[in-house]
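Residue-level structure breakdown
Listed here are the chains, written in short residue letters.
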Number of protein chains: 2
Amino acid sequence: MASDQTRSAILAAAERLYADRGFGDVTLRDIVAEANVNLAAVNYHFGSKDELIAELFVTRSIQTNRERLNELKAAEEKGGGRASIEDIMRALVGPTLRGCLGPDREGSTAARFMIRASIESVPPIRRIKNREVDHLRKFAAAMRRAMPGRDDAELYWGLHFALAMAHHTIREKERLLRLSEGKCDLDDVRAIIDRVVTVSVMALTMNDVPSKPALRPVVVHGRLTRQDL
Amino acid sequence: MASDQTRSAILAAAERLYADRGFGDVTLRDIVAEANVNLAAVNYHFGSKDELIAELFVTRSIQTNRERLNELKAAEEKGGGRASIEDIMRALVGPTLRGCLGPDREGSTAARFMIRASIESVPPIRRIKNREVDHLRKFAAAMRRAMPGRDDAELYWGLHFALAMAHHTIREKERLLRLSEGKCDLDDVRAIIDRVVTVSVMALTMNDVPSKPALRPVVVHGRLTRQDL
DNA sequence: GATAGTTTCATACAAATGTTTGAAAAGCAA
DNA sequence: TTGCTTTTCAAACATTTGTATGAAACTATC
């Protein structure tokens, strides 16, 4: 069928344009011009502009989520059913960072598209992102198995901070590059993942804190003290 | 002059509407209706819609930045010219978190506006945010004084991660609340600041890493080992 | 090769939106 | 008041945008 051809052309053109110029700047007319198809084709094949954007985003999200879960499963098998907290963190932030960072950024339209999606936050994407919670729960469950007895809130904060560092690095990589005047190497993805994982595990294994009183900093006079888990 | 009155009414109405409904959903006609002024008044007083948004954002940014620098200066005076790394981190993330989180969120239109600005990232605001680097350099300088001899890149990564945790907590507080089923207390701002500062300082004082090889995780088998600075 | 279903196309539609205009109103100094 | 500037106002402008339409072209099945 030639119809699939048109569909694919639209998807590819849209992803490329959105990746390059952002959601706000790209109109349906831009997309159909890039794809060499008729204006009406978008509504015919996707129903609406928002549904086109949604399809682009879910496709890429599913890919990332699958990678994450594969890594998680591999880590669990390696550990005989129970993955280490470090491997779990690595499975959580690795795929995203590997997909969106690195020197070969120019080749990957998908990566640049996901970065845009992370920065601009347009309605159809926001709606989908809300479902991401279910996906994250699987990681929370794995973390609970890896750190039994640990307070649940601590687990969630650790998960949250890990995502914070990963996503913020993707979102603000230009700024960090400029701020550090190139001293932070944003191309060494392996090192960045190690760094994020290390800090995340540290945050998670910090000090065991009694449930009620607020977590108190364990740092005194710029010096670090801690008790093991 | 009644002109200032109109100006202020527009600013107040715009901030309220943007805070409540986001930038994408609010038109100039919505704003002038809320402010009870004429449609043309916006262009007369601000030149354009984008300049109105920009003015809103710079006003609030200046406030936050001033608070940050005040805290930083206080910390430096307290330490006799050299602030501790912990106090620096606190000055960096404290004002933002205090401004945007907490149970009295309903009262503060400004806070909700800044959260929106952090989530939606509209062009006029993006342009301004680029200038934020100069502001952050002051904190980098303070950090360098607090941790002399430390590798610059490590400093920037620490600064970057601190902002990551703070901003991501603001951006995704709804998701974290839902993910943790309320177990993470997003109202206890004091505790959140402590938590972010603690992890930030940990990340900064981690292990001293030789400059060339990539930072290697110091966590082995889910167990934490570290060497002091 | 006729027919039914699918896809493409040019064009039109309709609504929204930021901006401009030119006159009226208000403020203010002489 | 008079004359000037500043501000307000209703209305119109000019685009841009996503979407809908109906006919034409194409495809496949019988």
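Described in the following lines is the structure provided in the data block. (Residues numbered from 1 in each chain as written. Chains lettered and ligands numbered in written order. Predicted model: local features only at pLDDT ≥ 70, side-chain atom pairs only at ≥ 80, totals over all residues. Heavy atoms only, no water.)

**Here's the deal with the protein's contact with DNA strand C**
Counted only if it meets this: Residues are counted as near a molecule or strand when any one of their heavy atoms sits within 4 Å of it. Here a polar contact is recorded for every N or O atom pair within 3.5 Å, except that within protein the pair must consist of a potential hydrogen donor and a potential acceptor, and residues adjacent in sequence are included only if both atoms are side-chain atoms. Here a strand is any run of E in DSSP of at least two residues, a helix any run of H or I of at least four, and the numbering for each starts at the N terminus. Residues are sorted three ways: Asp, Glu, Lys and Arg are charged, Ala, Val, Leu, Ile, Met, Phe, Trp, Tyr, Cys and Pro are nonpolar, and all the rest, Gly among them, are polar.
Close contacts around DNA strand C come from 18 residues, with A:Thr6, A:Asn38, A:Tyr44, A:His45 and B:Lys49 the closest. When atoms of DNA strand C within 4 Å of the protein are sorted by moiety, sugar and phosphate together comprise 52%. Note that a phosphate oxygen of DNA strand C is positioned 2.9 Å from one of the side-chain N or O atoms of A:Tyr44. B:Leu28 places a main-chain nitrogen or oxygen 3.0 Å from a phosphate oxygen of DNA strand C. Among the secondary structure elements, those contributing two or more residues to the surface near DNA strand C are helix 1 (2–21) and helix 3 (40–46) of chain A together with helix 2 (28–35) and helix 3 (40–46) of chain B. When the residues that make up the surface near DNA strand C are grouped by side-chain class, the tally is 8 nonpolar, 7 polar and 3 charged.

**Observations regarding the interface of chain B and chain A**
Going by this rule: A contact between two residues is defined here by any heavy atoms of the two lying within 4.5 Å. Note on definitions: buried area is the accessible-area loss of two parts on being combined, 1.4 Å probe, summed for both. Any carboxyl oxygen of Asp or Glu that lies within 4 Å of a side-chain nitrogen of Lys or Arg is treated as forming a salt bridge with it.
Counting residues at the interface gives 63 residues for chain B, matched by 63 residues for chain A. Summing both sides of the interface, chain B and chain A together bury roughly 6100 Å²; the carbon and sulfur share of this comes to 65%. Its largest share of buried area at the contact with chain A, chain B owes to B:Trp157, B:Leu179 and B:Arg195, together 13% of the area lost on that side. At the surface where chain B touches chain A, the tally comes to 6 salt bridges. At the boundary of chain B and chain A, one finds 12 residue pairs in polar contact (both at pLDDT 80 or more). Elements with a minimum of two residues in the side of chain B that touches chain A: helix 5 (85–100), helix 6 (109–120), helix 8 (132–146), helix 9 (152–171), helix 10 (173–179), helix 11 (189–205) and strand 2 (223–224) of chain B. It is helix 9 of chain B that contributes the most residues to the side of chain B that touches chain A, 15 residues altogether. Looking at the side of chain B that touches chain A residue by residue, the class counts come to 31 nonpolar, 11 polar and 21 charged.

**Quick look at the relation of the copies chain B and chain A**
Counted only if it meets this: When the copies are superposed, the least-squares fit draws on C-alpha atoms of residues that have pLDDT of at least 70 in both.
When chain B is fitted onto chain A, the two copies agree to an RMSD of 0.0 Å after a turn of 180° and an axial shift of 0.0 Å. Expressed as a symmetry operation, the mapping of one chain copy onto the other fits a two-fold axis. Interface residue correspondence from chain B to chain A reaches 100%, placing this contact among same-surface, isologous pairings.

**Describing the pattern of salt bridges**
Using the following cut-off: Exposure categories follow from relative accessible area, calculated using a 1.4 Å probe and restricted to protein chains: below 20% of the type maximum is buried, above 50% is exposed, and the middle band is partly exposed.
If you walk through the whole model with that rule in mind, you get 39 salt bridges over all chains. Across the pair B:Arg98 and B:Glu71 runs a salt bridge whose closest N-O atoms are separated by 2.6 Å. Placement of B:Arg98 in helix 5 and of B:Glu71 in helix 4 (residues 49–78) is noted, with a sequence separation of 27 residues between them. On the basis of relative accessibility, which here comes to 26%, the residue B:Glu71 falls in the partly exposed class. Connected through shared salt-bridge partners, A:Arg68, A:Glu132, B:Glu172 and B:Arg175 make up one network.

**Re the protein's contact with DNA strand D**
For DNA strand D, the set of nearby residues contains 17 residues, the closest of which are A:Lys49, B:Thr6, B:Asn38, B:Tyr44 and B:His45. Taken together, the sugar and phosphate atoms account for 55% of what DNA strand D places within 4 Å of the protein. Between DNA strand D and A:Leu28, the relevant distance is 2.9 Å, taken from a phosphate oxygen to a main-chain nitrogen or oxygen of the residue. Within the side chain of B:His45, an N or O atom sits 2.8 Å from a phosphate oxygen of DNA strand D. Elements represented by at least two residues in the surface near DNA strand D include exactly helix 2 (28–35) and helix 3 of chain A together with helix 1 (2–21) and helix 3 of chain B. When its residues are assigned to classes, the surface near DNA strand D shows 7 nonpolar, 7 polar and 3 charged.

**Some remarks on unusual backbone geometry**
Residue and element names in this part refer to chain A. Non-glycine residue Asn-36 carries a positive phi angle of around 60°. Considering the arrangement of structural elements, one finds Asn-36 in the loop between helix 2 and helix 3. The phi dihedral of Glu-181 is positive, around 50°, even though this residue is not glycine. If you trace the backbone, Glu-181 turns up in the loop between helix 10 (173–179) and helix 11 (189–204). Taking the relative accessible area as the measure of exposure, Glu-181 reaches 56% and is therefore exposed.

**Topic: the environment of A:Phe139**
Residue and element names in this part refer to chain A. Within the fold, Phe-139 resides in helix 8 (residues 132–146). Expressed as a C-alpha distance, the spacing of Phe-139 and Met-89, which sit 50 residues apart in the sequence, is 8.6 Å. When sequence neighbours within four positions are dropped, the list of residues in contact with Phe-139 reads Arg-68, Leu-69, Leu-72, Ile-88, Ala-91, Leu-92 and Leu-159.

**Brief notes about the side chain of A:Ser118**
Relative to the helices and strands, A:Ser118 resides in helix 6 (residues 109–120). Apart from residues no more than four positions distant in its own chain, A:Ser118 is found in contact with A:Lys129, A:Arg171 and B:Arg171.

**Let's talk about empty space enclosed by the protein**
Under the convention used in this document: Only protein atoms enter the 1 Å grid, on which a cavity is a set of points fitting a 1.4 Å probe that cannot get out and a pocket is an open set with protein on both sides within 12 Å along at least 5 of 7 lines, lining residues being those with an atom within 4 Å of a point. Grid points are joined across faces, edges and corners, and a volume is the space filled by probe spheres set on the points.
Inspection of every chain in the model, using the stated rule, returns 5 cavities of 30 Å³ or more. When its volume is computed, the largest cavity comes out at roughly 60 Å³. Residue lining of the largest cavity: A:Arg150, A:Glu154, A:Trp157, A:Gly158, A:Phe161, A:Ala203, A:Leu204, A:Met206, B:Arg195 and B:Val199, and that is the complete set. For the lining of the largest cavity, the element with the highest residue contribution is helix 9 (residues 152–171) of chain A, accounting for 4 residues.

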